[in-house]
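Coordinate analysis (summary)
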Amino acid sequence: DVVLTQTPPTLSATIGQSVSISCRSSQSLLHSNGNTYLNWLLQRPGQPPQLLIYLVSRLESGVPNRFSGSGSGTDFTLKISGVEAEDLGVYYCVQSTHAPRTFGGGTKLELK
Amino acid sequence: EIQLQESGPGLVKPSQSLSLTCSVTGYTITSGYDWSWIRKFPGNKMEWMGYISYSGSTNYNPSLKSRISITRDTSKNQFFLQLNSVTTEDTATYYCARKYYFDYWGQGVMVTVSS
C-alpha cells in the first residue's frame, strides 16, 4: 500500500499566520492517465471530514482561497495563507491513484 | 443538496457482523461515481474500506477483503456495509462518502465492538 507521511503531526499557529503541511508519498502519485489523485481534507472537532482540495491544487467549491495545494510526484504541500479560527482541526492528505486508497496520519492545527 | 446519512447499531459484540446503511438524498447513486465506506479509529487513523460504483461493481481494501461486503438498494437510494467477524479493533466511527476524492460525507456513526 502507498504510505503517506504528513509533517508536522501538530502545528501551532496564531490567527493570521501562514502555515504549511507536507505530505510525502512512498510512491509517485502520477497516474498513467496524467492525473495526480492527491486530495486534502479538514476534519473540524465533532464534524465529518470536509474536502478542501482535489487533484493536488484544485480548490473545492465554497472553500476559501486562503487554502492552496501544490506539489507533484511524491511531495505535496497544503498552505493556509492567514489562519482563521475556523481552520482549526485535523488535516489529512489522501491518495486515490493507487489501490487501495490511503490516508496520511493527519496534522492537527491548534491555536498558539 | 446532496446529503449522506449513516445509520446502524452503535454496539456490536465480538465475532458478530456489523451492518450499516448509507442513505443518499439529492443524487441518485446509479447516476455516477463511486460510493465509499471509510472509518476513523480512535486517534487520527483513517482507513478506506471499499466502494460500490454507480454500476454496482465493488472494490475492497485487501486488508478487509475476506470480511467485507458492500451492497445497495437502488429503489431506496441506499448502500450498505457488512463487516463480518468483528473484533475490538473494528471499534471506529464509520463514514460513507462520494467519489474518489470524497466530496460529500455523512455525519458518521460511532460503532463500538464490545461484549
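Described below are features of the structure shown in this document. (Residues numbered from 1 in each chain as written. Chains lettered and ligands numbered in written order. Predicted model: local features only at pLDDT ≥ 70, side-chain atom pairs only at ≥ 80, totals over all residues. Heavy atoms only, no water.)

Some remarks on the overall build of chain B
In terms of regular secondary structure, chain B is built from zero helices and ten strands. Counted from the first residue to the last, chain B has its helices and strands arranged as β-β-β-β-β-β-β-β-β-β. Here chain B has a C-alpha radius of gyration of 13 Å; the compact-globule value for 115 residues is 13 Å, and the two agree. Counting only contacts in chain B whose residues sit at least 6 apart along the sequence, the fraction spanning at least 24 positions is 51%. Entry remark: accessible area of chain B is about 5300 Å², with carbon and sulfur atoms responsible for 46%. Taking the 10 positively charged and 8 negatively charged side chains of chain B as two groups, their mean positions are separated by 3 Å. (Helix = DSSP H or I, 4+ residues; strand = E, 2+ residues; numbered from the N terminus. Rg over C-alpha atoms; globule rule 2.2 N^0.38 Å. Contact = heavy atoms within 4.5 Å. Areas by Shrake-Rupley, 256 points an atom, 1.4 Å probe, with all protein chains shown as cover. Lys, Arg positive; Asp, Glu negative; His and termini not counted. Charge placed at Lys NZ, Arg CZ, Asp CG, Glu CD.)

Focus: unusual backbone geometry
With an omega dihedral of -5°, the bond running from Thr7 of chain A to Pro8 of chain A counts as a cis peptide bond. By the secondary structure assignment, Pro8 of chain A is in the loop between strand E1 (4-7) and strand E2 (10-13). Of note in the backbone geometry, Ser15 of chain B takes a positive phi value of approximately 80° without being a glycine. Tracing the chain through its elements places Ser15 of chain B in the loop between strand E2 (11-12) and strand E3 (18-25). Backbone geometry places Lys99 of chain B, a non-glycine residue, at a positive phi of 70°. Topologically, Lys99 of chain B is positioned in the loop between strand E9 (92-98) and strand E10 (109-113). Residue classification places Lys99 of chain B among the buried residues on the basis of a relative accessible area of 10%. (Buried < 20%, exposed > 50% of the residue type's maximum accessible area, 1.4 Å probe, protein only.)

Here's the deal with the nonpolar core
Judged by nonpolar contacts, the single largest core of 27 residues is most densely connected at Leu18, Trp37, Phe79, Leu81 and Tyr94 of chain B. Contributions of two or more residues to this core are made by E3, strand E4 (34-40), strand E5 (46-53), strand E7 (68-73), strand E8 (78-83), E9 and E10 of chain B. Here this core gets four residues from one element, more than from any other, and that element is E3 of chain B. Ignoring any residue separated from it by four or fewer positions in sequence, one finds Leu81 of chain B in contact with Leu18, Ser19, Leu20, Trp37, Met49, Ile68, Ser69, Ile70 and Tyr94 of chain B. Grouped together as the second largest cluster of nonpolar side chains are 23 residues, Ala13, Leu42, Phe76 and Ile80 of chain A included. (Core = buried A, V, L, I, M, F, W, Y, C linked by side-chain atoms within 4.5 Å.)

Digging into the environment of Pro48 of chain A
By secondary structure assignment, the location of Pro48 of chain A is in the loop between strand E4 (38-43) and strand E5 (50-54). With residues near it in sequence (within four places) discarded, Pro48 of chain A still touches Leu42 and Gln43 of chain A together with Tyr95, Trp105, Gly106 and Gln107 of chain B.

Describing the pairing of E3 of chain B
All names here are of chain B. As defined by bridge partners, strand E1 (residues 3-7) adjoins E3 across five bridges and the pair is classed as antiparallel. If you follow Gln5 over to E3, its bridge partner there is Ser23. Where E3 and E8 come together, six bridges link them in antiparallel fashion. Residue pairing across strands places Thr21 opposite Phe80, the latter belonging to E8. (Pairing = 2+ DSSP bridges.)

Examining the interface of chain B and chain A
Contacts between the two partners involve 20 residues from chain B, matched on the other side by 19 residues from chain A. Carbon and sulfur atoms make up 60% of the surface buried where chain B meets chain A, a total of about 1700 Å² over both sides. Between Arg101 of chain A and Asp34 of chain B there is a salt bridge, with its nearest N and O atoms 3.1 Å apart. Counting across the interface, chain B meets chain A through six residue pairs in polar contact (both at pLDDT 80 or more). Breaking the side of chain B that touches chain A down by element, the ones donating at least two residues are E4 and E5 of chain B. Tallied by class, residues from the side of chain B that touches chain A come to ten nonpolar, five polar and five charged. (Buried area = accessible area lost by both parts, 1.4 Å probe. Salt bridge = Lys/Arg side-chain N within 4 Å of Asp/Glu carboxyl O. Polar contact = N/O pair within 3.5 Å; in protein donor to acceptor, adjacent residues only side chain to side chain. Nonpolar A, V, L, I, M, F, W, Y, C, P; charged D, E, K, R; others polar.)

Regarding the sheet that holds strand E8 (residues 75-80) of chain A
All names here are of chain A. Sheet architecture is open: four strands sit in the order E1-E3-E8-E7, paired in antiparallel fashion. One side of each edge strand has no neighbouring strand; the edge strands of this open sheet are E1 and strand E7 (67-72). Each strand axis lies, on average, 20° off the axis of its neighbour in the sheet, ignoring direction. Alignment of strand E3 (residues 19-25) against E8, held across six bridges, turns out to be antiparallel. Counterpart to Ser22 in the pairing with E8 is Thr77. (Axes fitted to C-alpha atoms, helices over the stretch in contact; angles between N-to-C directions.)

By themselves, these observations are geometric and do not establish any function.
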